[in-house]
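# Observations on the three-dimensional arrangement
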Amino acid sequence: MNNSRLEAGSRVALAAYLHDLGKFVERANIEVAKEKYAIHEQMYCKKNQRNGATWYSHKHAAYTALGFEYIERYMPALKGDDFSPFGSMYSPTDADDSLVNASAMHHRPEGFLQWIVATADRAASGFEREEFERYNEAEEGTDTGKNHYQARLLGLLEQIRLEGNGVNITPEGLKYRYPLVPMSADGIFPKLRETCEPSDNASAQAEYKALWDGFIDAIKEIPESHQQQLPLWLDHFDTLWLTFTHAIPSATAFKTRPDVSLYDHSKTTAALATALWRYHADLEHDQDETTSRMKSREDWDEKKFLLIQGDFYGVQDFIFSVGSETNKRAAKLLRGRSFYVSLLTECAALKVLEILNLPSTSQITNAAGKFLIVAPNTDETKKKITEVQKEFDQWFLNYTYGRGGLGLAVQDASCNDFVTKKEAGFASLMEKLFRNLETTKYQQFGLCHDTNPPAVFSDYLESFDNTLGVCQIDPFAPAAMQENSLKLSRLSADHILLGEHLTRCKRLLISSEPLSESRYSLKVPVFGYFIHLTGNDEETGKFGPSARSGILRRAFDFSLPEEPHAVLWNGYSRRNINGYIPEFTVQDTQYPEKYKGADPINPGDIKTLNHIGCENRIPENGDVKKWVGINAVGTLKGDVDNLGAIFQKGLQKPTFAKMAALSRQMNNFFAVYLPSLCRKEYRNTYTVFAGGDDFFLIGPWRSQIDLANQLRKDFEAYCANNPDLHFSSGISINKPGLPISYLADNGESALELAKSYSPDGKTITKNAFSLFGQTVHWEKADNLLQACQNLESLADEYKLSTAYIYSLLQMIPMLENRAKPENSLWRSRLTYRTWRMLQQQSKGNNREQMLSNHQKIVKVIGEQGLQEWQGAYRIAIQAYLYQYR
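Conventions used here
Residues numbered from 1 in each chain as written. Predicted model: local features only at pLDDT ≥ 70, side-chain atom pairs only at ≥ 80, totals over all residues. Heavy atoms only, no water. Phe/Tyr/Trp six-rings, centres within 6.5 Å; stacked < 30°, edge-to-face > 60°. Helix = DSSP H or I, 4+ residues; strand = E, 2+ residues; numbered from the N terminus. Buried < 20%, exposed > 50% of the residue type's maximum accessible area, 1.4 Å probe, protein only. Core = buried A, V, L, I, M, F, W, Y, C linked by side-chain atoms within 4.5 Å. Pairing = 2+ DSSP bridges. Axes fitted to C-alpha atoms, helices over the stretch in contact; angles between N-to-C directions. Contact = heavy atoms within 4.5 Å. Polar contact = N/O pair within 3.5 Å; in protein donor to acceptor, adjacent residues only side chain to side chain. Parallel < 35°, antiparallel > 145°, perpendicular 65-115°, else oblique. Nonpolar A, V, L, I, M, F, W, Y, C, P; charged D, E, K, R; others polar.

This part covers the packing of aromatic side chains. This structure, assessed with the given rule, holds 46 aromatic pairs. Ring centres of Phe695 and Phe727 lie 5.4 Å apart, and the angle between their planes is 85°; this geometry places the pair in the edge-to-face category. With Phe695 in strand S20 (residues 694–700) and Phe727 in strand S21 (residues 727–734), the pair connects residues that are 32 residues apart, well separated along the chain. Under the relative-accessibility criterion, Phe695 is labelled buried at 1%.

As structure tokens, then:
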């Protein structure tokens, strides 16, 4: 890693990242002396002349320069002896070349670095030249009729259209906006326009002022020791900026549609600017000539950028591998391995960034085992990508024996490739990148083209102890150590450590050297990095010297918020990679009979799958000494339908910033909201993994049914009730003692059944759930669950026998196959069996009451149950039998 090159690139990234800081400052109506503002207006704002009149537009540029004064004291130094590629902001001779000027001059750029930021700004927005010139000359105002103070961010999810993509979506047809609040699990949901879009400037500015004040208070929480390492500080600041600007609309001039957040525009601009500067700096291009070409756009077809996408493949095999002792520790292992998958992709992305000397802001996305990085398109970059791919391959062969891996796909790009066009441009660029990634999946470990492929076990066998035999957690791995009577590989020991201690820790540290102060450290370095877990702020603060020296490369906050409205900022860079983990409470200890047959319980301990399987048992007739219901877990697996089409053709005018925003918003529902929902309302549900576009949960069987339906409703609300956006899910109900690989396979089979849903037997519509081998469209879910409740209430009111309920299952095949004439007798059989049961209960007494009861039972079960739902009524019957067995 070249520290000087990384530091310089981080400064370029910071200048580009904060180029629109002034939009936040101006809209918050921060008081500035008139004389001071006038000077900055003349320096940074675009000067316009028409009919003899002169005025300045894009006033936020002046406020960008002014805004640095409010946050500079909490930032790494903006001056120094070596501040390349900028001059010091306090040096008169370097003033024109300062970081602040490069940031604020993006609407009237002059020098090389100013044009770097300005070019990145325009490419990130997808502006063609003529379109930008109109934008640059326009007054403030959006196509929603609101000015830059009042306008609130439109949702991209509401605008997705998979059919009839050419249909124009008018601003009037978009009913939702994002409230102007810091990011939280609740704050990421759009609200109706009338409830969150102010109609006057005063109240609109007051909302911005409250947000700004929160931002200023929050920036002070970044540890002072981390300010001395700009790459580390910048990663923290990225989370801070996301927290407070995720709902601020970026562009509000030229009648633009305010549907890209200030955060997403800032992030993509910074990534492009860094790669653009590095491209010219690494190739030692003449700055004056380059500036002239950027200004005229002569070089906008030059392939200056290299998009690098990483993808973790083999996730299922990695998480669900089994050994002789796996089931006893299934819950902890699932959590530990799932977290480890996220850890691997974080470390892989960091490795790529550091080997290329790029800051964290060059990483656009990282979710669900995939990441995207923007780099300079040079031969040196491509050479290093090849080298790091070999390092990844060797690590996965050493520790997973080829069951998992991480592939890197690349695609070169020009500025024009980021421009929105009908037949080319950014949409075409994304299609190429997706194709390249698919190709990479079939070239694992370079076995097809590498003349010197990596060797399996090459390094790992050095630590093999043949007296220990096979790892009892991972049967593919040799044991290398013994802990608590368990023979383990070092990787399995790390998975167990993570599963045991994630609930007690809040921070993850990644360092280039071991840290002796760490509470818990993993035994296996990941791609050369050492991994540590710590607890509270005081404990994490012990690593100040390591941060100052540069040994500490990343410090992540992965804690779950206590409440859904809690702001997702704790002074450190945040990674939403920690799902919810159920723990025993004091209240659980009051009902030991519910967990009969399971291990003893203690408050604060992590619940095993055996305990979770008991959570839907209920007291028999209110007696807490006797519990009924099966001990079973439900594996709930789901993912968003038609994801590829959503990203490739869902938006009318895709841009780089919109793609980044869409990816982030899709991930946030599953990685941010879902764990918060489990913590609040489904406290016995394990989040095995949740992020990107999919989720896999394990919990009490009956609760999983309710959770699936609530997730579906919440996802609809999250997507502004867009009918083109939905997910399918499958629920598999199993005994908790089954091998975890079996649970995973059953969950996957249930999901595949939902994904193949076809109401007419011809067209697959998806948008469904499967349970007990039955598939039902989501729009019918509430009615079906009501049918389940009706059966349960009926059974309680009329004391329906278990044998009678079982007999209903025999009638369903008769309804499903009407080709046989004798099957039309199902109603007669129901009528007869119901009457016989009532006769036995009443012993023939009170015939009128028997007739009344008979009529109601046959109507509820026959007409409203069997006849209406046919095969799907198995769900209601099986749910009842499982609950009262």
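Grouped together as the largest cluster of nonpolar side chains are 175 residues, with contacts concentrated most on Leu18, Phe215, Trp241, Phe418, Leu800, Ile861 and Tyr873. Of all the elements, helix H23 (residues 656–681) adds the most residues to this core, at 13 residues.

This part covers the sheet that holds strand S22 (residues 768–771). Sheet architecture is open: 6 strands sit in the order S19-S20-S18-S21-S22-S23, paired in mixed fashion. A strand with exactly one partner marks an edge of an open sheet, and here the two such strands are strand S19 (686–691) and strand S23 (774–777). Here the average twist between neighbouring strands, direction ignored, is 15°. The strands touched by helix H30 (residues 873–884) within the sheet are S21, S22 and S23, with S23 carrying the most contacts at an inclination of about 120°.

Pairing of S22 with S23 involves 4 bridges; the strand directions are antiparallel. Bridge pairing in S23 links Ser770 to Thr775. Taking the residues between adjacent antiparallel strands as the criterion, S22 and S23 are bridged by 2 residues, where Phe772 takes a positive phi near 55°.

A word on unusual backbone geometry. The residue after Ser84, namely Pro85, is reached through a cis peptide bond having omega 5°. For Pro85, the location among the structural elements is in the loop between helix H4 (60–71) and helix H5 (99–104). Non-glycine residue Ser485 carries a positive phi angle of around 70°. Tracing the chain through its elements places Ser485 in the loop between strand S9 (481–483) and strand S10 (486–488). Despite not being glycine, Phe527 has its phi angle at roughly 55°, a positive value.

Here we take up the side chain of Ser103. Relative to the helices and strands, Ser103 is located in helix H5. From its side chain, Ser103 meets the backbone nitrogen of His19 in a polar contact 3.3 Å long. When near neighbours in sequence (up to four residues on either side) are disregarded, Ser103 contacts Ala15, Leu18, His19, Thr64 and Phe68.

A few words on the packing of helix H15 (residues 330–355) against helix H18 (residues 490–501). In helix packing, the relevant descriptors are the interaxial angle and the interaxial distance, both defined with respect to the helix axes. Viewed as axis vectors pointing N to C, H15 and H18 meet at an angle of 105°, and their least axial separation amounts to 7 Å. If you check the angle between H15 and H18, you find them roughly perpendicular. Each of Lys332, Leu333, Gly336, Arg337, Phe339 and Tyr340 in H15 lies in contact with H18, whose residues at this interface are Leu491, His495, Ile496, Leu498, Gly499 and Glu500. A breakdown of the residues in the contact of H15 with H18 according to their chemical character gives 6 nonpolar, 3 polar and 3 charged.

A few words now on the sheet that holds strand S15 (residues 573–574). Read from one edge to the other, the open sheet built from 5 strands follows the order S12-S13-S11-S14-S15, with strand pairing classed as mixed. The two strands at the open ends of the sheet, each matched to only one other strand, are strand S12 (520–521) and S15. Bridge count for strand S11 (residues 507–511) against strand S14 (residues 552–557) is 5 bridges, and the pairing is antiparallel. Directly across from Ser511, in S14, lies its bridge partner Leu552. Taken strand by strand, H15 contacts S11, strand S13 (530–534) and S14, and its axis lies near 145° from that of S14.

The values are spatial; any link to function lies outside them.
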